[in-house]
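# Notes for the structure review
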Amino acid sequence: MQFKVEASALNLRSEPVVRAATRLAVLPHGHEVTRLEDAGGGWWKVATNFRGSRLEGFVAHRFLTPLADFTVPPPRQAISAVHLAENRPDITRDRDGGRAFPLGETPRPSRRPRATPAEQAADLGGIVAWLDVERRVRYLPKAATTFCNIYACDYCYLAGVYLPRVWWRPGAIAALAAGREVIPRYGETIHELNANSLYDWLDDFGPQFGWKRVFDLTTLQEAANAGGIGLICAQRRNLNFSGHICVVVPERNGHRARREPDASRVREGDGTTPIVRAPLQSQAGRTNFRYGTPVWWTSTRFRAFGFWVAA
């Protein structure tokens, strides 16, 4: 019987044992295998064709789905938004894994597209509360691994703005630009983006998906207060180390940006507003917080940083 890999990637092993020495290959999302026998303990022996070679080995069968139940993403002919399978109910805030997939947990909040700015700002506050970044397993740091990009992408996903968890690989972009159809396949035509990569993506592709770069913190905060999405993203000097990304969120319920004294003001519309020195942020990272006002992007660890907004 045929099955496909439902996880973003799945180890094929020489024995039904999790050890570094038993890993034969990493099968990408959507890869097809044939079940040979039940090896017990949650393992199946399978056969597959991988990179032109026939392989047999063992996989944890909970990460497989029957061929008939696997949803094939439609081919694309434009450089458009791409996701791994959406609306999977097992991709939840309390799952340690599946972070390449968008949240599928239901019910989940959203930002109403035709609401007033005040209503949209309230919706964004509801998203921050629901994501519960300080407690949920999906965002908690593990050893040297942090999940700032996961949290920022989840926030944007629920708000209805595209910030990629996965994006087209260069070969796929070239094919799409040439008008050819490309099927999203993890590890083959698409790959995950970390915070360093998101900085480049925002510069290169952000405008195509509604992102606008801004250059002062007051504009950034006021966009969030009006129900828009704000981001701060910084790229490390050494790309082998993690960059950082956080969302800028509306000021509400006593949570405020850090501003200059009232005497320092800039014009906003028909009035004036105190200059923002540190916008109100929400982040995952080495320290997770729903609301905070650190100034972290000026660190010498970063070679570049930027502020972006989307309606």
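Above this text sits the structure in question.
This is a predicted model, so every value here is computed, not measured. All residue numbers refer to position in the chain's written sequence, counted from 1. Residues qualify for local features only when their pLDDT is at least 70, as the model is predicted, and side-chain atom pairs are given and counted only at 80 or more; totals for whole chains, interfaces and linings, by contrast, use all residues. Side-chain measures were taken over the full set of non-hydrogen atoms in the model, leaving aside hydrogen atoms and water.

### Focus on the overall build of the chain
Elements are defined by DSSP. Helices are runs of H or I of four residues or more, strands are runs of E of two residues or more, and each kind is numbered from the N terminus. Looking only at helices and strands, the chain features 5 helices and 19 strands. Categorising residues by exposure relies on relative accessible area from a 1.4 Å probe, with only protein chains included: less than 20% of the type maximum marks a residue as buried, more than 50% marks it as exposed, and the intermediate range marks it as partly exposed. Out of the 311 residues belonging to the chain, those deemed buried represent 50%. In what follows, a contact means two residues having at least one pair of non-hydrogen atoms within 4.5 Å. Counting only contacts in the chain whose residues sit at least 6 apart along the sequence, the fraction spanning at least 24 positions is 63%. Note on areas: these come from Shrake-Rupley sampling with a 1.4 Å probe, and a residue is covered only by the protein chains present in the view. Accessible area for the chain stands at about 14800 Å²; split by element, carbon and sulfur atoms hold 49% of it. We count Lys and Arg on the positive side and Asp and Glu on the negative side, and we leave His and both chain ends out. All charge positions are set by atom: Lys at NZ, Arg at CZ, Asp at CG, Glu at CD. Computing the positive centroid from 41 side-chain charges and the negative centroid from 30, the chain places the two 3 Å apart.

### Notes on the packing of aromatic side chains
Only rings of Phe, Tyr and Trp enter the pairing, Trp through its six-membered ring, and a pair is recorded when the two centres are within 6.5 Å. The plane angle decides the type: under 30 degrees is stacked, over 60 is edge-to-face, the rest tilted. Inspection of the entire model under this criterion finds 14 aromatic pairs. These aromatic residues form a ring-pair network of at least three members: Y162, W167, W201, F205 and F209. The rule for a charge over a ring is simple: NZ of Lys or CZ of Arg within 6 Å of the ring centre, and within 35 degrees of the ring normal. A cation over a ring is seen here: R93 above W130, with NZ or CZ 3.8 Å from the ring centre.

### Regarding the sheet that holds strand β10 (residues 212-214)
Strands qualify as paired when DSSP identifies two bridges or more between them. Strand order in the open sheet formed by 6 strands is β10-β19-β11-β12-β17-β18, and the pairing between neighbours is antiparallel. In the strand order of this sheet, the two ends are held by β10 and β18 (289-292), each with one partner. The sheet shows a mean angle of 30 degrees between the axes of neighbouring strands, direction not considered. Two strands pair when backbone bridges link them, and strand β12 (residues 244-248) and strand β17 (residues 281-283) are joined in this way by 2 bridges, in the antiparallel orientation. Bridge assignment links V247 to a residue of β17, and that residue is S282. Contacting β11 (229-236), β17 and β18, helix α1 (residues 117-131) crosses the sheet at an angle of about 130 degrees to β18. Across the sheet, helix α5 (residues 217-225) lies against β10, β11, β12 and β19 (302-310), angled at about 40 degrees from β19, the strand it touches most. Inter-axis angles, ranging from 0 to 180 degrees, are taken between N-to-C directions of lines fitted to C-alpha atoms, where helices are fitted over the stretch in contact.

### Brief notes about the pattern of salt bridges
Salt bridges are defined by distance alone: a side-chain nitrogen of Lys or Arg within 4 Å of a carboxyl oxygen of Asp or Glu. Enumeration over the complete set of coordinates arrives at 20 salt bridges. With a closest N to O distance of 2.7 Å, E260 and R277 form a salt bridge. On the criterion of sequence distance, the pair formed by E260 in the loop between β13 (258-259) and β14 (265-268) and R277 in strand β16 (residues 276-278) is long-range, its members being 17 residues apart. Look at R277 and you get partly exposed, because its relative accessible area is 44%.

### As for the nonpolar core
For soluble globular proteins, the rule of thumb is that nonpolar side chains tend to be buried together. We call a set of buried Ala, Val, Leu, Ile, Met, Phe, Trp, Tyr and Cys residues a nonpolar core when their side-chain atoms join them within 4.5 Å. Ranked by size, the top nonpolar core spans 58 residues in total, and within it L163, W167, W168, W201 and W211 carry the most contacts. Those elements giving two or more residues to this core turn out to be α1, α2 (148-159), β8 (166-168), α3 (170-177), α4 (195-204), β11, β12 and β19. No other element matches α2, which puts 10 residues into this core. By size, the runner-up hydrophobic cluster in this structure holds 15 residues, among which are L217, L220, A234 and F302.

### Considering the packing of α1 against α2
In the contact formed by α1 and α2, the axes pass within 10 Å of each other and the chain directions differ by 135 degrees. What the angle tells us is that α1 and α2 run oblique. Helix-helix and strand crossings are classified by hand; for α1 and α2 the assignment is right-handed. On the side of α1, the interface is formed by L124, I127, V128, W130 and L131, while α2 contributes Y151, D154, Y155, L158 and A159. Roughly parallel refers to an angle under 35 degrees, roughly antiparallel to one over 145, roughly perpendicular to one between 65 and 115, and oblique to any angle outside these ranges. Helix crossings fall into two classes, left-handed where the near helix is turned counterclockwise from the far one by less than a right angle and right-handed where it is turned clockwise.

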